[in-house]
Amino acid sequence: MKPTHSRRMRRWLLALVALIVIAALTHTAWPFLFFPRQQVDIHLNAPLAPNQVSTAVAGIAERDITPPTGIPKFGYSAWAKVADGFRTRLKARAFYLHAPGQTPMAIVQLDLGTGSLPLHHRVAERIAEKTDVPAHALSLLVTHTHSGPGQYLGSDFYNVFGSNKPGFDPALFEYLSEQIADAVIAAYASRQEARFAVGQSDIRGYTRNRSMGAWANNFPDGQHLDDDPMMAVNPTMTLLRIDQKQGDRFVPAGALSLYSIHGTAIPPFTRPYHADVWHWISGALEDELASTASGFIHGAAQATHADNNPAWHTDQRGDLEAQRIGTALGEHAVQLFHSLDNQLTSTLDTAVASRQLNLLDQIDTGRFGLCERAIAGAAVAGAANGDEVFPISYLPFLKEDWPRRFFTDNCQGVKQWMLSKLQLLLPAERFPHQALFQIVRINELVIVPLPWEITLESGNRLRNAITDTLPADTNWKVEVSSLANGYFGYAVTPEEYQRQYYEGGHTLYGPHTLDFLIAQSSELSRDLQQTGDINDIPRQQTFSLLAHQYFPEAQQTAAPTSLAAAQWQGHPAHEPGDPTTGPYWRMSLLAAPAEQLALDTLELAIHCRGQRVTTDDGAALQLQWQAQQNSQDKYEVRWYPAPVQLQIGCRFAFSATPATGPAQHSPAIPK
């Protein structure tokens, strides 16, 4: 009998699912079978003795953490691409704070996709020799850009599946830890008497809730704002302003801000490194104060962003939308910063508590139903709303809002398990399980760094719980910072978990994860009030990770690249671009091979009539590798000029190491 059309369709669907399962099994298994293990040994020694200060001091510094080309990128998993250059640089911005009689602390904002527990500990290990900041008083906050490097995380699960290629890269790990530590050391060295102010204000219109069905499930009686995804967001921007003493006056020196927005305005399949909207959020305030406060530094990091996406215009996602959204948020940061002009104080009251927990251990109190091991849901393969990939995101069991209806009497409840019970072949130790909880208090500001992506309503419940532990006589400004110091996937409310959108499927430790976070964070906050600073981090630790090196060997020991090796090729050409990028000028550059060209030290610029008008510290210049060409590599350099920017008598300029000699100039851009 001839098969009917519906039968043929079912067969094709089953064949497609079988192919996906086979591909998933192959992709899952081979790193675990063939990659060697790398031991990362941590020894957290005591730091330098604190300096005796009579007034509160602060120091601020930044370092470039843009790695070489060839590194897999984190955030879009298999849909990411290996980095081939940069559109914006990635930065580490360090803030050192020390008040008389209190523990010195350092908060670092990083243009990275996520924190990493071994990275936190290695940075703490490095800075102990040259600063007075102990490990428990160091916090690494991130932007969650999806266009930064992967391969430095603290679990095999995310080193294998978080990027487009698998494995922990020991050389990249050491590079990042060295650059970040150097930023903290420089901030410590730049400390001066300081003044402080904390402020909050709301801004809407630039973020949207990407999982409205799950969010609305928190309110079964309909008692919520409405069904507008532009309203179901965390609109609050929180900002710490720091002014330093220079001569006989205090001048703006830096700011640390927190806001809730995914670093996904730059879409999957984009190759260059990119700080996403965060480049413009940080840059707007830095540009505003550049003429009056030399060296001003603004670090902007995540708050509770997990279901809050950038509100890009339909079919326009890309550089121009990232710029539009980031600039608007950056201008809001400018207004918030200036609103604090008359609120600066010399008082600095700080406290910090850190507690590291192994989630595979028996935790005496506060486990609250947290599952005994991590399990990834099938919805993770289906991707988040807004990043759907045909046909995977639309298949049964993989698509959002497809909870399990039967056999739900286990700890993971309604979660559809990726690869079903086969997932149990991956030992629990290969998933993230060492979690660092922190409470950081700076005057009336309380930051709760957590290594989870926290949804809007989860953040609301966490903030309320922490606020309830604090003395009632202060107007506390409490904010949770997602993905700090590590990565555990998502944390949703139990109600959101029941719908099994992407965020619920990616809540690895089950429906009571949020209950656990609230219990542990609240207990840590109460302990901090009662006993003072808490340092509950093991002094010695070892991380064993499946390793594969992508970081080029040549850049670990190479001497500075010779300027003589670089030369421009041809003449500048104008391109119309597309609606997501806008028009640009391009030039071909022959320079050192990619494995020798350090992106964090080279400089691109535009010189017009002998004056430098644009550098690659902004977003107007882009470098991308194109091909090998004999003993050199060919790169394309693009200039995206502002619409009103002078373009007469302008040339591209390139310096591999700006301190060693003059730049190489291209032919002039035609009139």
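The present account deals with the structure reproduced in this document. (Residues numbered from 1 in each chain as written. Predicted model: local features only at pLDDT ≥ 70, side-chain atom pairs only at ≥ 80, totals over all residues. Heavy atoms only, no water.)

With respect to the packing of aromatic side chains
- Across all of its chains, the model carries 22 aromatic pairs by this definition.
- Taken together, a centroid distance of 5.2 Å and an interplanar angle of 85° make the contact between Trp30 and Phe35 edge-to-face.
- For Trp30, a relative accessible area of 36% gives the class partly exposed.
- Plain terms: the ring middles of Tyr96 and Tyr188 are 5.3 Å apart, the flat faces sit at 80° to each other, and that makes the pair edge-to-face. Here Tyr188 lies in helix H4 (residues 170-189) and Tyr96 lies in strand E5 (residues 91-98), a separation of 92 residues in the sequence.
- An aromatic cluster is defined as three or more aromatic residues linked by ring pairs; in this entry it consists of Phe32, Phe74, Phe157, Tyr158, Phe161, Phe431 and Tyr487.
- Of note, Arg208 hangs over the ring of Trp312, and the distance from its end group to the ring centre comes to 5.3 Å. (Phe/Tyr/Trp six-rings, centres within 6.5 Å; stacked < 30°, edge-to-face > 60°. Buried < 20%, exposed > 50% of the residue type's maximum accessible area, 1.4 Å probe, protein only. Helix = DSSP H or I, 4+ residues; strand = E, 2+ residues; numbered from the N terminus. Lys NZ or Arg CZ within 6 Å of the ring centre and 35° of its normal.)

Notes on H4
- Helix length check: H4, at 20 residues, gives a terminal C-alpha distance of 28 Å against a target of 28 Å (1.5 Å per residue), a fit within 8%.
- Among the 20 residues in H4, 16 count as buried, and that is most of the element.
- Two or three places before Ala171, at the opening of H4, Asp169 has a side-chain oxygen 3.1 Å from that residue's backbone nitrogen. (Expected span 1.5 Å × (residues − 1). Polar contact = N/O pair within 3.5 Å; in protein donor to acceptor, adjacent residues only side chain to side chain.)

Side note on the pairing of strand E26 (residues 611-615)
- Where strand E25 (residues 603-608) lies against E26, four bridges are found, and the strand directions are antiparallel. Across the sheet, residue Ile606 finds its bridge partner in E26, namely Thr614.
- Taking the residues that link successive antiparallel strands as the turn, the E25-E26 hairpin has two residues, and the phi of Arg609 there is positive, at about 55°. (Pairing = 2+ DSSP bridges.)

Brief notes about unusual backbone geometry
- Residue Phe390 is joined to Pro391 through a cis peptide bond whose omega torsion reads 0°.
- Within the secondary structure, Pro391 is located in the loop between helix H8 (379-382) and strand E16 (434-442).
- Phi angles above zero are rare outside glycine, and Ala383 is one such case at about 75°.
- Of note in this structure, Asn443 is not a glycine but carries a positive phi near 55°.
- With relative accessibility at 11%, the residue Asn443 sits in the buried group.

A word on the sheet that holds strand E29 (residues 650-655)
- Reading across from one edge, E26-E25-E29-E30 is the order of the four strands in this open sheet, with antiparallel pairing throughout. Looking at the sheet topology across the chains shown, the edges are occupied by E26 and strand E30 (664-665).
- With two bridges joining them, E29 and E30 adopt antiparallel strand pairing. Within E30, the residue paired with Phe654 across the bridge is Gln664.

Re the pattern of salt bridges
- Within the structure shown, the criterion is met by 32 salt bridges.
- In this structure, Arg586 and Glu575 form a salt bridge, with 2.7 Å as the shortest nitrogen-oxygen distance. Placement of the pair is Arg586 in strand E24 (residues 584-591) and Glu575 in strand E23 (residues 567-575), with a sequence separation of 11 residues.
- Residue classification places Arg586 among the partly exposed positions, given a relative accessible area of 28%. (Salt bridge = Lys/Arg side-chain N within 4 Å of Asp/Glu carboxyl O.)

Brief notes about the side chain of His274
- By secondary structure assignment, the location of His274 is in the loop between strand E12 (249-259) and helix H6 (277-288).
- Here the side chain of His274 touches Asp276 through a polar contact of 2.8 Å, landing on its backbone nitrogen.
- With residues near it in sequence (within four places) discarded, His274 still touches Arg87, Thr88, Leu90, Thr145, Ser147, Ile266, Trp280 and Asp319. (Contact = heavy atoms within 4.5 Å.)

A look at the state of the cysteines
- Following the criterion strictly, the structure yields two disulfides and no others.
- Here Cys371 is linked by a disulfide to Cys411, with a sulfur-sulfur distance of 2.1 Å. In this structure, the disulfide formed by Cys371 and Cys411 twists by about -110° around the S-S bond and is classed as left-handed. Of this pair, Cys371 sits in the loop between strand E15 (350-358) and H8 while Cys411 is found in the loop between H8 and E16, placing the two residues 40 residues apart along the sequence.
- Under the relative-accessibility criterion, Cys411 is labelled partly exposed at 27%.
- Residue pairing for Cys608: its cysteine sulfur links by disulfide to Cys650, the two sulfurs lying 2.0 Å apart. Taking the sign of the S-S torsion, 105° for the link of Cys608 and Cys650, the bridge is right-handed. Remark: Cys650 occurs in strand E29 and Cys608 occurs in strand E25; sequence separation between them is 42 residues. The residues Cys608 and Cys650 share a single accessibility class, namely buried.
- Taking only the cysteines that form disulfides and numbering them from first to last, the protein has the pattern 1-2, 3-4. (Disulfide = S-S within 2.5 Å.)

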